[in-house]
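One letter stands for each residue in the lines below.
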Amino acid sequence: MWNWLTNPEKPYTWEFIARVLIKGIGLFLVFNVVFAVLSPMDVFSRLTLYNIVFAGRERLPYGGNDFTQSHAITMNNIPAMIASHQIARPKMNDEFRVVILGNSGVWGFWLPSNQTLGPQLNHMNYQLTDGRRIIAYNLAYPYPYLVRDLIFIDEIMQYQPDMIIWFVSATSFLGALDTPLITSNLDELRHLMDNYGLMIDIDKIPPLPTDFYSQTIIGKRAELSELLRNQLSGILWNGLAIDHNIPNVIPTTPNDLPDDDKWYSFTPSQTVVEDILSFNFVDVGYKLVGDIPLILITQPMFIATGANSDIRYNTDLPRWLFDDYRALFSKLATQNSWLYCDLWDALPNEFYTDTPFHMNADGVHELSLIMGKMITDYIELGYLGQECE
């Protein structure tokens, strides 16, 4: 079969080898130039085998520090992340599509993907009176970045959500930008700033390279490798249904707290909460979703009862900060007619694991019951239910 290669009619010469190498290098350079001119990365990002050859993911891929154990890739390419998710599959005619956003607690840290909020809610088989099935999609992601969530919302609107539920916490409204998932998407940030009134300062973010070399295959090799590895990891995901490395022993969040009322560098005597938290993110969110319901939820959290619990609610939040945040959020929600539900104390402490916001499977189950009732009450009756009163 390979005689033409191993036993050619004319012996190979150094001149022949040189011609082959020159042609190969020439073709490679041509491909790089064409790639740079066409700029096909956005198209490549949306090409996927998920939901076609193998199952879409139940939550967005996040590999943490060890891809070999999680079978998921931590990515900065948001279109590719979402294209690998179940939400990218065609919407069914009888489907009421609910998107869930939030931080690592909602994403499901230390939980298998099928025990997270979206799948647990779906297993309850909620149905509206018009016959549509409530199908929830978990598009939460580790760390509380509302700017990132706005980019997610902008991307997922093409997948026809009927409702978006956005879990937030006080930390979310600090508006931090210090993550590659945000800094790698400067064009999307500028789009939100120019078209939806997003108010953030991106001057300190290093600009992405725009020179010709950076747009070639060589210049994009890291991003292309990321896309390929994301597709390959889908094979393991499809076979094992594992996307998160869960240790045998999970620590618990402390009930005894330090004698410290600081929140980052902020102190109660020198801080006005309204000056440090930006609710402009919510305005932008409502502009992005248009006429579909956007429900904002202050995320349930662990509430310490031990030492210094009169100063702090938990390791993350001092009482002065969180009380002022809740009061401000409630006032702004009323003024702006936002759909808002404060579930900060909805779950008992036994349902939390290593941080004040990470829930175990039983806690997610209880939250799923609340969410299912909330969704049906709002669609059928026009209010968010007793838990939100």
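Check the entry above for the structure.
Keep in mind it's a predicted model, so treat the numbers as computed, not measured.

Caption draft 1: Layout of the packing of aromatic side chains. Enumeration over the complete set of coordinates arrives at 24 aromatic pairs. Aromatic side chains Phe173 and Phe279 sit 4.3 Å apart centroid to centroid with 25 degrees between the ring planes, which places their arrangement in the stacked category. On the criterion of sequence distance, the pair formed by Phe173 in the loop between β3 (163–168) and α9 (180–183) and Phe279 in the loop between α12 (273–276) and α13 (280–289) is long-range, its members being 106 residues apart. Seen from their ring centres, Phe329 and Tyr340 are 4.0 Å apart, and the 25 degrees between their planes marks the pair as stacked. A residue pair is termed long-range when its members are at least 10 positions apart, and Phe329 in helix α14 (residues 319–336) and Tyr340 in strand β5 (residues 339–342) qualify at eleven residues. Grouping aromatic residues by their ring pairs yields a cluster made of Phe173, Phe279, Tyr313, Phe322, Tyr325, Phe329, Trp338, Tyr340 and Trp344.

Caption draft 2: Looking closely at helix α8 (residues 146–156). Taken across its eleven residues, α8 has ten buried, putting it largely inside the fold. Those residues of α8 lying buried are Leu146, Val147, Arg148, Asp149, Leu150, Ile151, Phe152, Ile153, Glu155 and Ile156.

Caption draft 3: Fine view of the side chain of Asp342. You can see Asp342 is positioned in strand β5. Of the polar contacts made by the side chain of Asp342, one reaches the side chain of Arg326; its length is 2.6 Å. A distance of 3.3 Å separates a polar side-chain atom of Asp342 from the backbone nitrogen of Trp344. Setting aside residues no more than four positions away along its own chain, Asp342 makes contact with Thr298, Arg326 and Glu387.

Caption draft 4: Layout of the sheet that holds β3. Here five strands make up an open sheet; going across it, the order is β2-β1-β3-β4-β5 and the pairing parallel. A strand with exactly one partner marks an edge of an open sheet, and here the two such strands are β2 (133–138) and β5. On average, adjacent strands in this sheet sit at an angle of 20 degrees to one another, irrespective of strand direction. Looking at chain direction, strand β1 (residues 95–101) and β3 are connected through four bridges and run parallel. Residue Val98 lies in a different strand from β3, and its bridge partner there is Met163. Where α13 meets the sheet, its contacts fall on β3, β4 (294–298) and β5, and the angle it forms with β4 comes to roughly 150 degrees. Contacts from helix α15 (residues 361–381) reach β1, β2, β3, β4 and β5 within the one sheet, and its direction differs from that of β3 by about 135 degrees.

Caption draft 5: Inspection of the state of the cysteines at higher detail. All told, the structure shown has one disulfide when counted by the stated rule. Residue Cys341 pairs covalently with Cys388 via a disulfide, S to S 2.0 Å. Classification of the bridge connecting Cys341 and Cys388 rests on its S-S torsion, roughly -90 degrees, and on that basis the disulfide is left-handed. Note that Cys341 is positioned in strand β5 and Cys388 in the segment after α15, a separation of 47 residues in sequence. Accessibility assignment for this pair places Cys341 and Cys388 in one class, buried.

Caption draft 6: Molecular detail of the packing of α8 against helix α10 (residues 186–196). Following both chains from N to C, one finds α8 and α10 inclined at 85 degrees, their axes separated by 10 Å at the closest point. Classified by the angle between their axes, α8 and α10 sit roughly perpendicular to one another. Between α8 and α10, the contacting residues are Val147, Leu150, Ile151 and Asp154 on the first element and Glu188, Leu189, His191 and Leu192 on the second.

Caption draft 7: Molecular detail of the packing of α8 against α13. One way to put it is that α8 packs onto α13 with a least axis distance of 10 Å and a crossing angle of 5 degrees. The angle between α8 and α13 places the two elements in the roughly parallel class. Every residue of α13 that contacts α8 at Leu146, Val147, Leu150, Ile153 and Asp154 is listed here: Phe281, Val284, Gly285, Leu288 and Val289. Tallied by class, the residues present in the contact of α8 with α13 amount to eight nonpolar, one polar and one charged.

Caption draft 8: Main features of the environment of Pro209. Within the secondary structure, Pro209 sits in the loop between α10 and α11 (221–240). Looking at Pro209, the relative accessible area reads 51%, which means it is exposed. Other than its neighbours up to four places away in sequence, Pro209 contacts Ser214 and Gln215.

The rules we used
- Residues numbered from 1 in each chain as written.
- Predicted model: local features only at pLDDT ≥ 70, side-chain atom pairs only at ≥ 80, totals over all residues.
- Heavy atoms only, no water.
- Phe/Tyr/Trp six-rings, centres within 6.5 Å; stacked < 30°, edge-to-face > 60°.
- Helix = DSSP H or I, 4+ residues; strand = E, 2+ residues; numbered from the N terminus.
- Buried < 20%, exposed > 50% of the residue type's maximum accessible area, 1.4 Å probe, protein only.
- Polar contact = N/O pair within 3.5 Å; in protein donor to acceptor, adjacent residues only side chain to side chain.
- Contact = heavy atoms within 4.5 Å.
- Pairing = 2+ DSSP bridges.
- Axes fitted to C-alpha atoms, helices over the stretch in contact; angles between N-to-C directions.
- Disulfide = S-S within 2.5 Å.
- Parallel < 35°, antiparallel > 145°, perpendicular 65-115°, else oblique.
- Nonpolar A, V, L, I, M, F, W, Y, C, P; charged D, E, K, R; others polar.

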